[in-house]
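Residues per chain are reported as follows:
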Amino acid sequence: MKLMKYSLIGLFLLTIDVLSQDQNFYIFLSFGQSNMEGQGIIAEHDKTVDARFQVMEAVTCSNLRRTMGKWYTAVPPLCRCYTGLSPTDYFGRTMVDSLPSNIKIGVVNVSVAGCKIELFDKDNYQSYASTAASWMKNIIAEYGGNPYGRLVEIAKLAQKDGIIKGILLHQGESNTGDNQWPSKVKKIYNNLIADLELDPAKVPLLAGEVVHADQGGVCASMNSIIAKLPQTIPNSYVISSSGCKDTTDNLHFSSEGYRELGKRYATKMLSLLKKSLTSIQSHGSEIGTDYKLEQNYPNPFNPVTKIKYSIPSFVETSYPEKSGQVMTSLRLYDILGKEVAVLVNENQSPGNHEIMFDGSNLASGIYFYKLLSGEYAQTRKFVLIK
């Protein structure tokens, strides 16, 4: 019996650790209405894309030979099967052109033409969707009837491969004149932060202006409301659309306008990343090098084992009011990736930490324990034998 157990252990230890994350894979979530979907004509030169820029599909597109939940080189369209050029296209291109060659960029885009921001309110979207026009209901159906839910679903898959670094929003035309828009966006942002277990201090929200008054934008008055977003969400920033060319409907940007707007999103994001990149370079290492998650001891064990980990003193504080503490979680997963225990989930100070884990309530087998602290993530395996 023991021989069989150890044979299985040897087999499982050869499997790929699906819970590991690439610290050099920066992921950005995009959502909104038609301008974030992308209405621009895709030119031939737009189809040449660096493989370091990836998109995870939020729907399956047979015409593009793409499957929902899989990564592909980010050749447009990046939203759904028949959408056009969008701000995410030249956001990603500018990012990979500006960052070191070991950094990859990934985007997830869930957007619905014509929708109000209420469609992304996970508590009230159904009442809004029920009154939508039939063509919008068809789009909503592509996301399983719940665009916010699909965004979170795909984002969680993306998190297995990389680190979410920011959220991009372009929406507002359908909420023109709605002074409650900033608070509605705040609720959605807070929900994303909670549902994806993100640190709001490290995941900014970038919101683009609608077509500007200088282009004759029919919804340009909404920009004065969008401008108030940073008063509601501290880590949010407004991306100017001034000078970004639009089409004859004065509602949608032209391809030229999307390219420029996407570059502006990237310029702001790069400026926000600059501080952390400077911190990395000053320490002569990549994020996480001075973190440490040790192998548990004893291993295999029955039923108690010790897990040690370290948080470096140079890591940026997640919450200044916590005197340098960093949001840290240590979670346990079974061989199928199902979470079976939360060992740590709190703000912790830099330094060495250890916990004793008692596996009395678990069955024998292979398990994974995963540390998330600041922007660092590492996973190790252990074996419980009874």
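Residues numbered from 1 in each chain as written. Predicted model: local features only at pLDDT ≥ 70, side-chain atom pairs only at ≥ 80, totals over all residues. Heavy atoms only, no water.

Draft legend 1. Region of the structure containing the overall build of the protein chain. Tallying secondary structure elements over the protein chain gives ten helices and 14 strands in all. In the protein chain, buried positions account for 53% of the 386 residues. Residue pairs in contact within the protein chain that sit at least 24 positions apart in sequence constitute 71% of those at least 6 positions apart. (Helix = DSSP H or I, 4+ residues; strand = E, 2+ residues; numbered from the N terminus. Buried < 20%, exposed > 50% of the residue type's maximum accessible area, 1.4 Å probe, protein only. Contact = heavy atoms within 4.5 Å.)

Draft legend 2. Molecular detail of the nonpolar core. With 54 residues, the main nonpolar core has L29, F31, L119, W181 and L192 as its most contacted residues. Among all residues touching W181, those that are not within four sequence positions of it are I117, L169, Q171, G172, N175, M222, I225, I226 and L229. Counting 28 residues, the second-largest nonpolar core is a separate cluster that includes Y26, F28, M95 and M269. (Core = buried A, V, L, I, M, F, W, Y, C linked by side-chain atoms within 4.5 Å.)

Draft legend 3. Representation of the state of the cysteines. Scanning the model with the defined rule gives one disulfide in all. Each disulfide pairs two cysteine sulfurs, and for C61 the partner residue is C81, the sulfurs being separated by 2.2 Å. For the disulfide bridge between C61 and C81, the dihedral angle about the S-S bond is near -85°, and by the sign convention the bridge is left-handed. Taken together, the positions of C61 in the loop between β2 (53–56) and β3 (71–73) and C81 in the loop between β3 and α3 (87–98) put the pair 20 residues apart, joining distant regions of the chain. (Disulfide = S-S within 2.5 Å.)

Draft legend 4. Representation of the sheet that holds strand β8 (residues 292–293) within the structure. A sheet is described by the order of its strands in space; here three strands give the open sequence β8-β9-β12, paired in antiparallel fashion. Lying at the two open borders of the sheet, with one neighbouring strand each, are β8 and β12 (351–358). Of the pairings in the sheet, the one linking strand β9 (residues 304–311) to β12 comprises eight bridges and is antiparallel in character. Following the sheet pairing, I307 is matched in β12 by I355. (Pairing = 2+ DSSP bridges.)

Draft legend 5. Inspection of the side chain of R259 at higher detail. One can find R259 in helix α10 (residues 255–282). Judged by relative accessible area, R259 falls into the buried class, the value being 17%. A polar contact of 2.8 Å, which involves the side chain of R259, links it to the side chain of D46. Look past the residues within four positions of R259 in its chain and what remains in contact with it is I41, A43, H45, D46, L85 and Y90. (Polar contact = N/O pair within 3.5 Å; in protein donor to acceptor, adjacent residues only side chain to side chain.)

Draft legend 6. Looking closely at the pattern of salt bridges. Here the structure, examined in full by the defined rule, presents 16 salt bridges. Of the charged contacts in the structure, one is a salt bridge between K47 and E44, with a shortest N-O distance of 3.0 Å. What emerges from the salt-bridge pattern is a single network uniting E37, R80 and E142. (Salt bridge = Lys/Arg side-chain N within 4 Å of Asp/Glu carboxyl O.)

Draft legend 7. Layout of the packing of aromatic side chains. As enumerated under the stated definition, the model contains nine aromatic pairs in all. Measuring from ring centre to ring centre gives 5.0 Å for F28 and F91, while their planes differ by 80°; the resulting arrangement is edge-to-face. Note that F28 is positioned in strand β1 (residues 25–32) and F91 in helix α3, a separation of 63 residues in sequence. By relative accessible area, which is 0% here, F28 ends up buried. Residue classification places F91 among the buried residues on the basis of a relative accessible area of 0%. Of the aromatic side chains, those joined through ring pairs into one cluster are F301, F357, Y367, Y369 and F382. Seen from the ring of Y90, R93 lies directly overhead, with NZ or CZ sitting 4.6 Å from the centre. Above the face of the F25 ring, K104 is positioned so that its terminal group lies 4.5 Å from the ring centre. (Phe/Tyr/Trp six-rings, centres within 6.5 Å; stacked < 30°, edge-to-face > 60°. Lys NZ or Arg CZ within 6 Å of the ring centre and 35° of its normal.)

Draft legend 8. Structural detail: the pairing of strand β5 (residues 163–170). Of all eight residues making up β5, eight are buried, and the element is well covered by its neighbours. Two elements, β1 and β5, share seven bridges in a ladder whose sense is parallel. Following the sheet pairing, F28 is matched in β5 by G166. As defined by bridge partners, β5 adjoins strand β6 (residues 205–208) across three bridges and the pair is classed as parallel. Its bridge partner lying in β6, L169 is registered against A207. Handedness of the crossover joining β5 and β6 through helix α7 (residues 181–195) is recorded here as right-handed. (Right-handed = clockwise from strand over helix to strand, strands pointing away.)

Draft legend 9. Spatial organisation of the packing of helix α6 (residues 147–159) against α7. Two numbers describe how α6 lies on α7: the axes approach to 11 Å, and their chain directions differ by 35°. Between α6 and α7 lies a crossing whose hand is right-handed. Here α6 contributes Y148, L151, V152 and K156 to the contact with α7, which in turn contributes I188, N191, L192 and D195. Per-class residue counts for the contact of α6 with α7 are five nonpolar, one polar and two charged. (Axes fitted to C-alpha atoms, helices over the stretch in contact; angles between N-to-C directions. Left-handed = near helix turned anticlockwise from the far one by under 90°. Nonpolar A, V, L, I, M, F, W, Y, C, P; charged D, E, K, R; others polar.)

Draft legend 10. Representation of the sheet that holds strand β4 (residues 104–111) in the model. Ordered by their spatial adjacency, seven strands build an open sheet running β3-β2-β4-β1-β5-β6-β7, and the pairing between neighbours is mixed. Two strands in the sheet have a free side with no partner beyond their single neighbour: β3 and β7 (236–239). Each strand axis lies, on average, 25° off the axis of its neighbour in the sheet, ignoring direction. As judged from the four bridges shared by β6 and β7, these two strands associate in the parallel manner. Each residue of the ladder has a partner; that of L206, found in β7, is Y237. Packing against the sheet, α6 makes contact with β1, β2, β3, β4 and β5, and its axis sits at approximately 175° to β1.

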